[in-house]
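Working through the structure, step by step
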Amino acid sequence: MKLIFHYGDTYKHHFDNNTSSILPKCFLIGQLTKPYIVEPLGVTGSFVVRFQPNGFLPFCKLSIKSIQNTAILLETLFGLEGKLLGDEILNANSTDERIECIEAFLINKLKHKYTIDSIVKSTIDTILAVNGQYSVDTLSKQNNTSRRQLTRKFSSTIGLSPKQLSKTVRIQHALKSMLNNKVTSLTDLAYENEYFDQAHFIKDFKEFTGLTPKEFYGDNLKMSLIFDQKNNMSHFYNFKISS
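The text that follows walks through the structure, step by step, so that each part is easy to find. (Residues numbered from 1 in each chain as written. Predicted model: local features only at pLDDT ≥ 70, side-chain atom pairs only at ≥ 80, totals over all residues. Heavy atoms only, no water.)

Overview of the overall build of the chain
On a plain count of helices and strands, the chain comes out with 11 helices and 8 strands. Here the chain holds 243 residues, and the buried ones make up 41% of them. Once local pairs closer than 6 in sequence are excluded, the contacts in the chain between residues at least 24 apart make up 70%. Summed over its atoms, the accessible surface of the chain is roughly 13,300 Å², and 50% of this surface lies on carbon and sulfur atoms. (Helix = DSSP H or I, 4+ residues; strand = E, 2+ residues; numbered from the N terminus. Buried < 20%, exposed > 50% of the residue type's maximum accessible area, 1.4 Å probe, protein only. Contact = heavy atoms within 4.5 Å. Areas by Shrake-Rupley, 256 points an atom, 1.4 Å probe, with all protein chains shown as cover.)

Some points on unusual backbone geometry
Positive phi, close to 55 degrees, is recorded for asparagine 69, a residue that is not glycine. Counting through the fold element by element, asparagine 69 comes out in the loop between β6 (46-51) and β7 (71-73). Of the residues examined, asparagine 69 reaches a relative accessible area of 17% and is grouped as buried.

As for the pattern of salt bridges
A full pass over the atoms with the stated rule returns 8 salt bridges. With a shortest N-O distance of 3.7 Å, aspartate 16 and lysine 34 are connected by a salt bridge. Of this pair, aspartate 16 sits in the loop between β2 (11-14) and β3 (20-22) while lysine 34 sits in the loop between β4 (26-29) and β5 (37-40), and the two are 18 residues apart along the sequence. Of the residues examined, aspartate 16 reaches a relative accessible area of 66% and is grouped as exposed. Linking lysine 109 and glutamate 81 is a salt bridge whose minimum nitrogen-to-oxygen distance equals 2.7 Å. With lysine 109 in helix α3 (residues 95-109) and glutamate 81 in helix α2 (residues 80-90), this residue pair connects regions lying 28 residues apart in the sequence. If you follow the salt bridges from partner to partner, you end up with Lys167, Asp204 and Glu207 in one network. (Salt bridge = Lys/Arg side-chain N within 4 Å of Asp/Glu carboxyl O.)

Looking at the sheet that holds β3
An order of β3-β2-β5 is seen for the 3 strands of this open sheet, with the pairing classed as antiparallel. On the outer flanks of this sheet lie β3 and β5, each paired with one strand and no other. Here the average twist between neighbouring strands, direction ignored, is 25 degrees. Bridge analysis of β2 against β3 gives 3 bridges, and the strand direction is antiparallel. Counted as the bridge partner of lysine 12 is isoleucine 22 from β3. (Pairing = 2+ DSSP bridges. Axes fitted to C-alpha atoms, helices over the stretch in contact; angles between N-to-C directions.)

Remarks on the nonpolar core
Counting residues in each nonpolar core, the largest one holds 23 residues, and the members touching the most others are Leu3, Phe5, Phe56 and Ile102. Looking at this core, the elements with two or more residues in it are β1 (2-6), β4, β6, α1 (74-78), α2 and α3. The biggest single contributor to this core is α3, with 4 residues. The next biggest cluster of nonpolar side chains, apart from the first, holds 12 residues, and it includes Leu175, Leu189, Tyr195 and Phe216. (Core = buried A, V, L, I, M, F, W, Y, C linked by side-chain atoms within 4.5 Å.)

Structure representation (C-alpha cells):
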C-alpha cells in the first residue's frame, strides 16, 4: 500500500468498463490484486510512501480489505489533518523536506505502542525472503499455526491471504528480473521463479498485469516499474515500524 503525492501533473485511471476518472493529487492506494491502469496527463512528479505489507494497519480506521484496488482521499483517512498534510508535501521544496514532513506526521500517529502480530510478521518476512515461493501449508507449519488461522490473521491486517501476498511478491520479483536483466527466455524466467511450468507463470502474470509476459515485455514494463527507478522525477520513501 502506498501514500501517493503528485506534485507534478496527475494521472487518469482507466476502469474495466471503459470509463475513466482523474486521480486526486494526494491519496492512498489500497493493496492491488488486479491490473490498475493509469495514464499520465502531463509532466509528472510524485512522492510515494511505501508501506510494508502490514505497515499501514496502525494508521487506518477503515477495513484494510475493503479498500483493495481503490484510491482513498487523505481527508477520508485523516480528516482535516490529511488535507493539511497533502498541501504541505505538495508545496515542499525538496525530497528531504517531504520526508521530514511525512515522518513527523506518521510518528505522531503512533502515540500508542503498536504491537505487530508475531505470526504475521514472521510469515511476511519469510514470504519476502523466498520471493513468494513457499506454499501456504509450508508457511503455516513454520509458524506452528493452522492454515485457516493464518489466513484470518492476514485478511484482517493486510487485506490479502498468504497465497495472494506470495503470488504478488513472486510476480514482482519476476518483473524486476525482466527489467534488470537481459531476458533471453520467458520459459527460463518462469522456472527461475519456481513456477511449475510456463502456463502457470503466464496465468499469474496476466492476473496482475492484464497481459501475457510476451505482450508486457516492452514499454509497459518500464511504465509499471517507473517508481522503482532512480533516474526519473519520482521519489520513494519507505516507512518501517519495528516490533
